[in-house]
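Chain and residue survey
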Amino acid sequence: MLAVGLNHYLILSAILFCLGLFSVVTKKNAVTVLMGVELILNAANINFIAFAKYVDNDLDGQMIALFVIVTAAAAAAVALAIVLNIYQRLKSINLDEADSLAG
Amino acid sequence: MALSDIIRDNINSLNYFLPELLLTGLVLLMIIADLLLKKERSPWMSIIALIGSGVVLFAIINQYELGSRSIFNNMLAVDEFSIFFKLLFLATTILVIFLSIASVELSGRSVGEYFTLLMILTLGLFLMASATHMITIFIAIELVSIISFALVTYLKTRRRSSEAGLKYAIYGAFSSGLMLYGISILYGLTGTLNIYEIGEVLAGRDTNSLALLISVLLIMAGFGYKIASVPFHFWSPDVYEGAPTPITAFLSIGPKAAGFAVIIRFFNVALSNYDGVAEQWLALSNINWPQIIAVIAAATMTLGNLVAIAQDNVKRLLAYSSIAHAGYALLGVVVLSSQGVYATLFYLVVYYFMNLGAFFVVIIFQDIIGSEKIDDFKGLASRAPIPAIAMGVFLFSLTGLPPTAGFIGKFYLFAALIKAGPEFYWLAIVGLLNSVVALYYYARILKAMFFDKISEGVSPEPLKISPYYVTLLAVLGIPTILVGLYWAPLANLASHSVHFLPTF
Amino acid sequence: MSNVLSWITFLPIIGALLIMFVPKSNKSLVKIIAALFTGLQLVLAIWIYMNFDQSTSQIQFREQYHWIPSFNIEYFMGIDGLSVPMVLLTAFLSFICIFASWKIDKSVKGYFAMFLLLDTGMMGVFCSLDFFLFYIFWEVMLLPMYFLIGIWGSPSRVEANGAVRGGPYAAIKFFLYTLFGSIFMLIAMLVLYFNVQDPVTGGHTFNMLHLMDQANHSGVLLNFDLRLWLYAALFLGFAIKVPVFPFHTWLPDAHVEAPTAVSVILAGVLLKMGTYGLLRISFPILPDAMRWHYFAYGLAILGLINILYGAFCAMAQKDLKKLVAYSSISHMGIVLLGMSGLTAMGMNGAVMQMFNHGTGTAMLFLLVGVIYDRAHHRQIDGFGGLAVRMPIYAAVVAIAFFAGLGLPGFSSFISEAFSFLGAFGSEMFDLRLITIISTFGIIITAAYFLWTFQRMFLGELNPKYAELPEINGRELFTLIPVAVLVVLLGVYPAPLLNLMQSSLNELVEVVKTAGPSSSTLLGLF
Amino acid sequence: MITNAILILLLPLFAFVVQIFIGKRLPRQGDWLPTGAIICSFLLALPIFFDALSNYEAGHVVVQQSWEWLRFGNLEITFGIYVDNLTSIMLIVVTLISSLVHIYSIGYMQGDERYSRYFAYLCLFSFAMLGLVLVDNFFGIYCFWELVGLGSYLLIGFWFEKKSASDASKKAFITNRVGDVGMFAGIMIIFSTLGVFGFTDVFTKIADGGLSGTMLTVTGILIFFGAIGKSAQFPLHVWLPDAMEGPTPVSALIHAATMVAAGVYMVGRTFVIYTEDALLFIAIIGTITAFMAATIAIVQKDIKRVLAYSTISQLGYMMVGLGTGGYTAGLFHLTTHAFFKALLFLGSGSVIHAVHSQDMDDMGGLRKKMPITFWTFLIGTLALSGVPPFSGFWSKDAILASALEFGMNHSAYMWIFVAMLLSAGITAFYMFRLIFMTFTGQAKDQKKFDHAHESPFTMTLPLVVLAVLSVGTIWWGWIEHLLAKPELATYATVAVGAVEHSAEHGNAHLAHTIALFSSIAVAGSGILLAAVVYHWKKISAEAWGSKLKPVYNLLWNKYYFDEMYEATVIRATLWKSRIFAAFDVKIIDGFVNGIATVTSKFASLQGAIDRVGVDGMVNGVARVVGVFSNRLRTIQTGKIQTYILMALFAVLILFVLQQF
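Remember, it's a predicted structure, so these values are computed and weren't measured experimentally. In every chain, residue numbers begin from 1 and rise along the written sequence. The naming scheme follows written order: chains are lettered A onward, ligands numbered 1 onward. Residues qualify for local features only when their pLDDT is at least 70, as the model is predicted, and side-chain atom pairs are given and counted only at 80 or more; totals for whole chains, interfaces and linings, by contrast, use all residues. Here the side-chain values reflect all heavy atoms present in the structure, with hydrogen atoms and water set aside.

Some thoughts on the overall build of chain D
Note the following rule: Here a strand is any run of E in DSSP of at least two residues, a helix any run of H or I of at least four, and the numbering for each starts at the N terminus. For every residue, the accessible area (1.4 Å probe, protein chains only) is compared with the maximum for its type, and the residue is labelled buried under 20%, exposed over 50%, or partly exposed between those bounds. Here a residue-residue contact requires only that any non-hydrogen atoms of the pair lie within 4.5 Å. Surface accessibility in these figures is a Shrake-Rupley result with a 1.4 Å probe; residues are shielded only by whichever protein chains are displayed.
If you tally the helices and strands in chain D, you get 29 helices and two strands. Looking at chain D residue by residue over its 660 residues, the buried ones come to 62%. For chain D, long-range pairs separated by at least 24 residues make up 79% of all intrachain contacts whose partners lie at least 6 apart in sequence. Total accessible area on chain D stands at roughly 23,300 Å², and carbon and sulfur atoms take up 68% of it.

Looking at the interface of chain B and chain C
Note the following rule: In short, buried area is how much 1.4 Å probe accessible area vanishes from two parts on joining, totalled over both. Think of a salt bridge as a Lys or Arg side-chain nitrogen and an Asp or Glu carboxyl oxygen that are within 4 Å of each other. Whenever two N or O atoms come within 3.5 Å, that pair is a polar contact, provided that in protein one can donate a hydrogen and the other can accept it, and provided that, for residues adjacent in sequence, both atoms are side-chain atoms. Side-chain classes are defined by residue name, with Ala, Val, Leu, Ile, Met, Phe, Trp, Tyr, Cys and Pro counting as nonpolar, Asp, Glu, Lys and Arg as charged, and the others, Gly among them, as polar.
In this assembly, 35 residues from chain B lie in contact with 34 residues from chain C. Considering only the surface of chain B that becomes buried against chain C, Pro-402, Phe-411 and Phe-451 of chain B emerge as the three largest contributors, covering 20% of it. Where chain B meets chain C, there are zero salt bridges. Summed over the shared surface of chain B and chain C, the number is two residue pairs in polar contact (both at pLDDT 80 or more). Of all the elements, helix H18 (residues 425-451) of chain B adds the most residues to the side of chain B that touches chain C, at 14 residues. Partitioning the side of chain B that touches chain C into residue classes produces 29 nonpolar, three polar and three charged.

Looking at the interface of chain D and chain C
Opposite the 50 residues of chain D that make contact, chain C presents 64 residues. For the pair chain D and chain C, the summed buried surface comes to about 4,800 Å²; carbon and sulfur atoms form 76% of the total. In this structure, the connection of chain D to chain C is made through zero salt bridges. At the boundary of chain D with chain C, the tally comes to nine residue pairs in polar contact (both at pLDDT 80 or more). Going through the elements one at a time, strand S1 (61-72), strand S2 (75-84), helix H5 (138-156), helix H6 (163-194) and helix H26 (561-588) of chain D are the ones with two or more residues in the side of chain D that touches chain C. Top contributing element to the side of chain D that touches chain C by residue count: H6 of chain D, with 16 residues. Grouping the amino acids of the side of chain D that touches chain C by side-chain chemistry returns 31 nonpolar, seven polar and 12 charged.

With respect to the pairing of S1 of chain D
Residues and elements named next belong to chain D. Applied cut-off: At least two bridges found by DSSP between two strands are what make those strands a pair.
Here S1 runs beside S2; their pairing, made up of 10 bridges, is antiparallel. Bridge pairing in S2 links Leu-70 to Ile-77. Between S1 and the antiparallel strand that follows it, S2, lie two residues; Gly-73 among them carries a positive phi value of about 60°.

Concerning the nonpolar core
As a reminder of what qualifies: Note on terminology: a nonpolar core comprises buried Ala, Val, Leu, Ile, Met, Phe, Trp, Tyr and Cys residues joined through side-chain atoms within 4.5 Å. These domain boundaries are the output of an automatic or database domain assignment.
Trp-487 of chain B together with Phe-132, Phe-283 and Phe-418 of chain C are the most contacted members of the largest nonpolar core, which has 706 residues in total. Each of domain 1 (1-276) and domain 2 (288-504) of chain B gives at least three residues to this core. Setting aside residues no more than four positions away along its own chain, Phe-418 of chain C makes contact with Met-345, Gly-346, Gly-349 and Met-352 of chain C together with Trp-69, Leu-70, Phe-72, Ile-77 and Phe-139 of chain D. Core analysis: the second largest hydrophobic core is formed by 21 residues, Leu-280, Ala-283, Ile-399 and Ala-511 of chain D among them.

Focus on a nonpolar patch on the surface
Residue and element names in this part refer to chain B. Stated formally: Patch membership is restricted to residues that have no salt bridge and whose relative accessible area is over 30%. Joining uses 9 Å for like charges and 5 Å for the nonpolar side chains Val, Leu, Ile, Met, Phe, Trp and Tyr.
Among the surface-exposed residues, Leu-3, Ile-7, Ile-11, Leu-14, Leu-18 and Leu-21 lie close enough to one another that they form a single nonpolar patch of about 550 Å² accessible area. Elements with a minimum of two residues in the nonpolar patch: helix H1 (3-14) and helix H2 (18-36). Mapping Leu-21 onto the fold places it in helix H2.

Side note on the arrangement of the chains
Pairwise contact counts over the five pairs of chains in contact peak for chains C and D. The two units chain A and chain C remain apart, with a minimum C-alpha distance of 25 Å.

Looking at the confidence of the model for chain C
For clarity, the cut-off: Each residue carries a pLDDT value, the predictor's own confidence for that position, ranging from 0 to 100.
Looking at chain C as a whole, the pLDDT averages 88, with 98% of positions reaching at least 70. The low-confidence segment residues 518-525 of chain C, where pLDDT is below 50, has eight contacts with residues more than four positions distant or belonging to other chains.

Digging into the pattern of salt bridges
Pairing of side chains with opposite charge becomes possible as their charged atoms draw close. Going through the model one piece at a time under the given rule, you end up with 30 salt bridges over all chains. Here Arg-378 of chain C and Asp-319 of chain C are joined by a salt bridge, their closest N and O atoms 3.2 Å apart. Taken together, the residues span a long stretch of sequence, with Arg-378 of chain C in the loop between helix H15 (344-375) and helix H16 (386-389) and Asp-319 of chain C in the loop between helix H13 (293-316) and helix H14 (320-340) at a distance of 59 residues. Take Arg-378 of chain C and Asp-319 of chain C: they sit in the same class, and that class is buried. Connected via shared salt-bridge partners are Arg-159, Arg-160, Glu-163, Lys-167, Asp-238, Glu-241 and Arg-316 of chain B.

A word on the side chain of Ser-88 of chain D
Residue and element names in this part refer to chain D. The residue Ser-88 is located in helix H3 (residues 85-108) in this model. Exposure remark for Ser-88: the relative accessible area of 0% places this residue in the buried category. Excluding its chain neighbours within four sequence positions, the residues that come into contact with Ser-88 are Ile-48, Phe-49, Ala-52 and Val-83.

Some thoughts on the packing of aromatic side chains
We describe a pair of aromatic rings using the distance from one ring centre to the other and the angle between the two ring planes. What counts, and what does not: A pair of aromatic rings is counted whenever rings of Phe, Tyr or Trp (Trp by its six-membered ring) have centres within 6.5 Å, and the orientation is called stacked for planes under 30 degrees apart, edge-to-face for over 60 and tilted otherwise. Think of it as a cone above the ring: NZ of Lys or CZ of Arg counts as a charge over the ring if it is within 6 Å of the ring centre and within 35 degrees of the ring normal.
Summed over the entire model, instances satisfying the criterion amount to 112 aromatic pairs over all chains. In this structure, Lys-53 of chain A is placed above the aromatic ring of Tyr-54 of chain A, and the distance from its NZ or CZ to the ring centre is 5.5 Å. The aromatic ring of Tyr-317 of chain D is capped on one face by Lys-396 of chain D, whose charged end is 5.3 Å from the ring centroid.

A look at the environment of Ile-312 of chain D
Residue and element names in this part refer to chain D. Looking at the element boundaries, Ile-312 is found in helix H13 (residues 303-323). The buried category is assigned to Ile-312, whose relative accessible area is 0%. As for Ile-312 and Ala-293, which are separated by 19 residues in sequence, their C-alpha atoms are 6.1 Å apart. Each residue touching Ile-312, except ones within four places of it in the same chain, is listed here: Ala-232, Gln-233, His-237, Leu-240, Pro-241, Thr-289 and Ala-293.

Re the side chain of Ser-116 of chain D
Inspection of the secondary structure assignment puts Ser-116 of chain D in helix H4 (residues 115-134). When neighbours within four sequence positions are excluded, Ser-116 of chain D is seen to be in contact with Gln-19, Gly-23, Lys-24 and Gln-29 of chain D.

Some points on the packing of H4 of chain D against helix H11 (residues 259-269) of chain D
All names here are of chain D. Cut-off, in case you're wondering: All axes here are fitted lines through C-alpha atoms, helices being fitted over the stretch that makes contact, and every angle between N-to-C directions spans 0 to 180 degrees. Put simply, angles under 35 degrees are roughly parallel, angles over 145 are roughly antiparallel, angles from 65 to 115 are roughly perpendicular, and the rest are oblique.
Closest axis-to-axis distance for the H4/H11 pair is 11 Å, and the angle between their directions is 10°. One way to sum up the angle between H4 and H11 is to call them roughly parallel. Along the contact surface, H4 presents Phe-125, Met-129, Leu-132 and Val-133, while H11 presents Met-259, Ala-262 and Tyr-265.

Observations regarding unusual backbone geometry
Of the consecutive residues Val-230 of chain B and Pro-231 of chain B, the connecting peptide bond is found in the cis state with omega at 5°. Mapped onto the elements, Pro-231 of chain B comes out in the loop between helix H9 (209-227) and helix H10 (235-242). Look at the link from Pro-402 of chain B to Pro-403 of chain B: it is a cis peptide, with omega at 0°. Here Pro-403 of chain B lies in the loop between helix H16 (385-399) and helix H17 (405-419). Notably, Lys-91 of chain A is not glycine yet its phi reads approximately 55°, a positive angle. Within the secondary structure, Lys-91 of chain A sits in the segment after helix H3 (60-90). Lys-91 of chain A sits in the exposed class, given a relative accessible area of 59%. Positive phi, normally seen in glycine, also occurs at Leu-336 of chain B, with a value near 55°. For Leu-336 of chain B, a relative accessible area of 6% corresponds to the buried category.

Here is the structure:
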């Protein structure tokens, strides 16, 4: 039986990271993009926890993961508020429409 | 380390954490005060903020006497380096409060939250300046980012402001994601998040340089986003243009300087053999990060300056110019010497005066003539000579011409480059050629103000400039010239602040 | 009077500050203050002339203070025979130019304040002996110059081909060119700084005297290739100011668009800074690079090109002021040629030419200003027969033109002749062919000056100008002192020559012989 | 004596300064002041002359004194006065003719608008000319050389309202400058090699071998270039005929007697520096000049132009004299020519004054109206034609003899003598053509004839004085001794050429004899032919003119020199100047412009968006930068996801860069 090792975690996180990147870059919906960002953050979190288990015997990895969850929530809250605001202005949350500032 | 030691260390650290604690207290006080005070009495908020800032200022100066040490189990460092930045941040905050009071853009809105957020932002900057652990670095950066999103969107009824906030938020969240992923890789490589330990581990053993490179590049994405360096600068012109001008001014200095603090500390502690004694040190052998930063610096200066030429909105032009200036300041980081760090610190102070000054003049004109377009600045020199002359001083300083502070700042940067030897001459030449380009677009503003005739249909009557404005202009303008003539005190301060804690 | 150099440098600034406090309406007081302070400056300059010890090549009136100790930057002023003529020239022309600016009535305060600031910058360049200080003054001049050309120069206009020309255009062009040059100077300056030891303290230094002492050089400065690059960088900075072909295109624009007095200063003093810089900095600090064959011959050839090219271009001009501007290029070529041969005679001739061109061209620009004020254009072909209507003016122009074309009896003849003779007789380099070709420049010069004189003053009087008023007293007041100087120094140049020659002869010796002691360096030739 | 010499020089200068500033306010517009000054100079020159005469020996130096002018280190540059026999004769010639011309001008210029200025200029010229004669070094002679040019410029263009006058003055100055550049180059060689300027120093050093061989030849020829310009030798002779636009007394003084002779004087003064080759060069140039100018003079209609070409021709004679080793002959001719040519010019001035025209077709029969003018003019003509016993005969004969002797010694150059002899005949022909067309026969323009009258006393007096001096058979004897060729004794090794020239004395006597008779013969036949054609009208000039149309055209157009220069030198210069100026605007100023265009072309090939067009402040660089700027600007699309993508892409690039 194949033991679940560090590499598996890393591969999982890498896949998550890429998915996150993909949705950040391609999705037009602001909320979806923010979800992509969450994916990236969680990919990092998986890394942290895996490394904390396999590489470091300290608690740094777990600790930062907790902090990330908290700050991500805060960031998401502010970001969503802004998205809401944009929706009121533009009646749309399509990112491509928010391009009046350019050049 | 025993648990009791850890707790004792935490308690002992409180003493060194006084400025931040005071600032926290101030924020709480302001939240309460905002609830209690009626909206129409909002001037009080700014007064509270100013008084609080004054108290914090004393606390910071007091830190010089306490001496350097690492606090909260090596989470933060209190050293001359961080004190220097804290002073700079506080000065920025205080000045931005003054600018905000004057700003017409912000008038008629509830400013209680605005000032509160500003103070929280300052707290975040303080943490960035002293963070020595990846956790604190991340949290500080996030704190600064999130509050900035809110401030940029502060004029929520204005489309441009909202749009700027949205871009800022998405770009910021994304780049912290990248940075975090990079940090996680670094953690995997070294097994620690403390930057001193990271440095030791990396120096001690041969790490996979490819993984290290990826992690450093990703981390650089986070830092680069803060200082708005190429290629992580894209948010900045849009945000600078969309945000309320005082906030733009703040963003162009505070978070940028904080970003430099983090970059200098992280790269020099974690990725080089800095020992706090030698004048010149080396990057770790398995990653040539000075070269990366050199390329980034050159690209940043060049792109910022080149694109600035095509701008016709002064605020946006200054946004690009501040991108370019980040590139200049990076020059001091590249050379890995106390001379270089010193030059960067010096430059940031100088930049503080001249950039805030330039933004302030824009605020003045924006308030009076209601436009930020270069074309609408035509003939302003005859209508409002004092701001126009001040603008001249600031722009020449930004260009880097004697006898202004900007020249001295650039002089130190290039001196550091030249001192580092012939392999950096190219960078010096690129940098200096850029200042010629810079002159070209700064001069466009001057040309509009001084040389061009007032556009038809605009009354040639003199504009009324309140003494308040004039005083603020003097506060920013006089140092810009004075430092250009005699800068030994500032130089001493900067050279004093070069030393960050070499070990814990 | 131990601080005479500081006084002479900063007096105009004091004047400028005073002017700031004069009420806007009181225009004549502004002018009087400006005249007073430049007059005082002139008095000091004359005092310096009287007290200057002509027998020595030493630095005199030395003032040396620490300025920024952490960087070993000093406030170091001092003059020798090379600087004294330039100091005199600057003080003299500044004073004259205040009167030439008397009719300015657009933001008078600003104009004269800027002018005085410019004056300080120029004087500072010629007095400073600390490279950093020198650079500061060098750059400080740019700002007032930019505004003087931009604001008080001719207004923007759109040419037939759609190009925007005029004062603002010329101002920024001048600014960008000069800044472009000076950044290379800055780099060279820093490289020098970090590779020269102060013999006393052991630290790095900007002190020019230390920089000149080859024994203090170390580090990369011992690399001959790098020295060549440094020389080239410095040369670029100075060449743009001279201006040496092909960096000269800022000059016709700047001269033409600037107000009269500013053109006078530009041509009379600013151009000299380039050659002054070469002699003060490039030659003695990097003598071996100067002596490198490609550079030495290059310098002479650039001089030759300047002489002929400037003269030919002048001939093609239709605008009188542009013609004078190109003639400056031509005349500055003689300076380059004179210094390139490294002979006492050529060097003295070159520096005399710097002075004499300063006075001669000042006359020319002042005269252009006179006619422009009356006819409101400068097209050479638009005049004709003015000698009938304005005989005095015509006579003064004739003096200026004949001085310009190097007629014996006028000062520039002496300096041109000695520059040519010096270059021709060079022992280090064979410049004979170059010099002989260069002398053809004097034919072209004669041709364009006389042709211009004919078109403007001879022939039938253009009826359009039948009522043109004759040159007035104020204008004559600005012109006569210059003319007297031109003639006096043309007949008896010894006062000027004796002033400079101790230092210059010494300079020639130094540049001819000095260099890194290591012979392996020279093996790289 | 030194005081005399200095005063001679300074008096005209003083008069000039006073006259130019306040002349107009003086009584009689101050004409007496310059005139008086120059007469004083003449009187002061007399003792010097008598001193030379009384010593009566070759190489006698009357006065020599110099003062330090400048000092370069150890190198002293002096200015001084050097008066020897040659100088003292020149002083007399210059001051006397100048005095006479001043007196003459009082009548001639009466009523001119710029009467006082005229005298100032005249005085300035006299000062410069005297300086040229007196000065003791190469540098100084160059200075005064240019200054006489200035005087000439001012006086030729005196009536500057006339386009032709201002053109002529400009042409004179610039053409002279061409020669001067050569002279200056020669001086540069001398100075750079020998380190001194003074004549005696230079001669001594050359004698010591400081400069020799080809270099000395080149130096000599370069110095001679100055004389080519000033003495209107081929090919720079074109300015002199045009210079006749000046007032006639000016032509007499400057363009006949003194300034144009300065070249000859200078060659005489610096004779020892010329090697044999250099002298040969001088002789050949002189021959070409003499012959060419004489032929042109045949067809001229303008009385002054005939005289002008005659002057050029005679100057050529002098050069031939010097070049063929007839040092004394050349300088003697200079002296005699000065008097009789000044006489002729003043006489023609008198005629012009009377008929208000210079065209000989407007004259005729004036003998009756203007007897003094006629008789004096005739004397001058006889002198010029080389009829004994007039002065010109002796000097021209000496030159012919010298040329013949040279030809006998170097048979390859016999043609010089032949050409000279022919020219002598032509000279006689065109001079008598002039006499016949002007003074004899019928009046061609009756109105002008009726109006004509004898000139006033101030004008006729100089004519008479000069006529007397043109008779001078007495001259030859003592001048031969006074102006002995400097050689051997003093400058032993120098003038190799000079030694060579005079080596075979055997030919000398024979040459003299042949020259004497042949010159009288050609002069006689020239006069005869002129009489046949123009007096007795046995041969029609018009018929012959049309028969020999090509030749006539060639001569009438002065061998097309002006046209040639116009087409080549002048056109090329202007063309070059325009090209350079355009180069300045188009190429240098906009060279990056070009790069910008190329860049944008390239970019549009790539299909990129082309947004050129910043208002092009600093044309080149700015435009390129502007193009870049605008292009770069388009990166900032305003779309956040584009930003993110680009940032990622850039990180990738950085990553890849680091891998190398």
